[in-house]
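Notes for the structure review
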Amino acid sequence: QVQLVESGGGLAQAGGSLRLSCAASGRAARSFAMAWFRQAQGNELEFVAGITRVGFSTYYSDSVKGRFTISRDNAKNTVYLQMNKLKPEDTAVYYCAADSDNSFPGRRRSDYDYWGQGTQVTVSS
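Report on the accompanying structure.

Rules used in this analysis
Residues numbered from 1 in each chain as written. Predicted model: local features only at pLDDT ≥ 70, side-chain atom pairs only at ≥ 80, totals over all residues. Heavy atoms only, no water. Pairing = 2+ DSSP bridges. Helix = DSSP H or I, 4+ residues; strand = E, 2+ residues; numbered from the N terminus. Axes fitted to C-alpha atoms, helices over the stretch in contact; angles between N-to-C directions. Phe/Tyr/Trp six-rings, centres within 6.5 Å; stacked < 30°, edge-to-face > 60°. Buried < 20%, exposed > 50% of the residue type's maximum accessible area, 1.4 Å probe, protein only. Core = buried A, V, L, I, M, F, W, Y, C linked by side-chain atoms within 4.5 Å. Contact = heavy atoms within 4.5 Å. Disulfide = S-S within 2.5 Å.

Observations concerning the sheet that holds strand S8 (residues 78–83)
- Spatially, S1-S3-S8-S7 is the arrangement adopted by the four strands of the open sheet, whose pairing is antiparallel. Edge positions in the sheet fall to strand S1 (4–7) and strand S7 (68–73), since each of these pairs with one other strand and no more. Direction aside, neighbouring strands of the sheet carry axes that sit 15° apart on average.
- Sheet topology places S7 next to S8; six bridges connect them, and they run antiparallel. The residue bridging Phe-68 from the neighbouring strand is Met-83, located in S8.

Here is the structure:
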């Protein structure tokens, strides 16, 4: 069983930065592809960024490319999402997800079998 715990959410001004962390329990988690998703109020869950199990390759949605950076430290079993140049439309609950079956991160909810509880990010204009 793998547990994911997000932290680092909060309130930021437009143009500011936040860094989210996702701590995974269990040594097996370091071999999983990982991703961040977000869900704004009234909207569907949206893929934000993904990273391969070793961390050599990363993937982003068009809406965050160039502003957000996903990374991982497998020694600490932790995945990060550095969010820069934040916009009000980035306001959402952000979720960390793990895929135990694949090396490369998918973009669909159904690709992932472990999820964190979510952390709120609010960006004011």
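Regarding the packing of aromatic side chains
- Counted according to the given criterion, the structure contains five aromatic pairs.
- Consider the rings of Phe-32 and Tyr-114, whose centres lie 6.1 Å apart with planes at 0°: the pair is stacked. Of the two residues, Phe-32 is situated in the loop between strand S3 (18–24) and strand S4 (33–39) and Tyr-114 in strand S10 (residues 114–115); the sequence distance between them amounts to 82 residues.
- Taking the relative accessible area as the measure of exposure, Tyr-114 reaches 19% and is therefore buried.
- Here a set of aromatic residues connected by ring pairs shows up, and it is made of Phe-37, Phe-47, Tyr-112 and Trp-115.

Brief notes about the pairing of strand S9 (residues 92–99)
- With respect to burial, S9 is a largely interior element, six of its eight residues being buried.
- Both S4 and S9 contribute to a ladder of seven bridges, which runs antiparallel. By the bridge assignment for S9, Arg-38 is matched with Tyr-94.
- In terms of strand pairing, S9 meets strand S11 (residues 119–124) through three bridges, oriented antiparallel. Bridged to Val-93 within S11 is Gln-120.
- Bridge count for S9 against S10 is two bridges, and the pairing is antiparallel. Looking across to S10, one finds that Ala-98 is bridged to Tyr-114.

So, the nonpolar core
- If you look at the biggest cluster of nonpolar residues, it comprises 29 residues, and the most contacted ones within it are Leu-4, Met-34, Trp-36, Leu-81, Met-83 and Tyr-94.
- The set of elements that each furnish at least two residues to this core consists of S3, S4, strand S5 (46–51), S7, S8, S9 and S11.
- Apart from residues lying up to four places away in sequence, Tyr-94 is in contact with Glu-6, Leu-20, Trp-36, Phe-37, Arg-38, Val-48, Phe-68, Leu-81, Met-83, Gly-118, Thr-119 and Val-121.

Description of the state of the cysteines
- According to the stated counting rule, one finds one disulfide in the structure shown.
- Shown here is the disulfide that connects Cys-22 with Cys-96, its sulfur atoms set 2.1 Å apart. Handedness of the Cys-22-Cys-96 disulfide follows from its S-S torsion of about -75°: it is left-handed. Residue Cys-22 is found in strand S3, and its partner Cys-96 is found in strand S9; the two are separated by 74 residues along the sequence.

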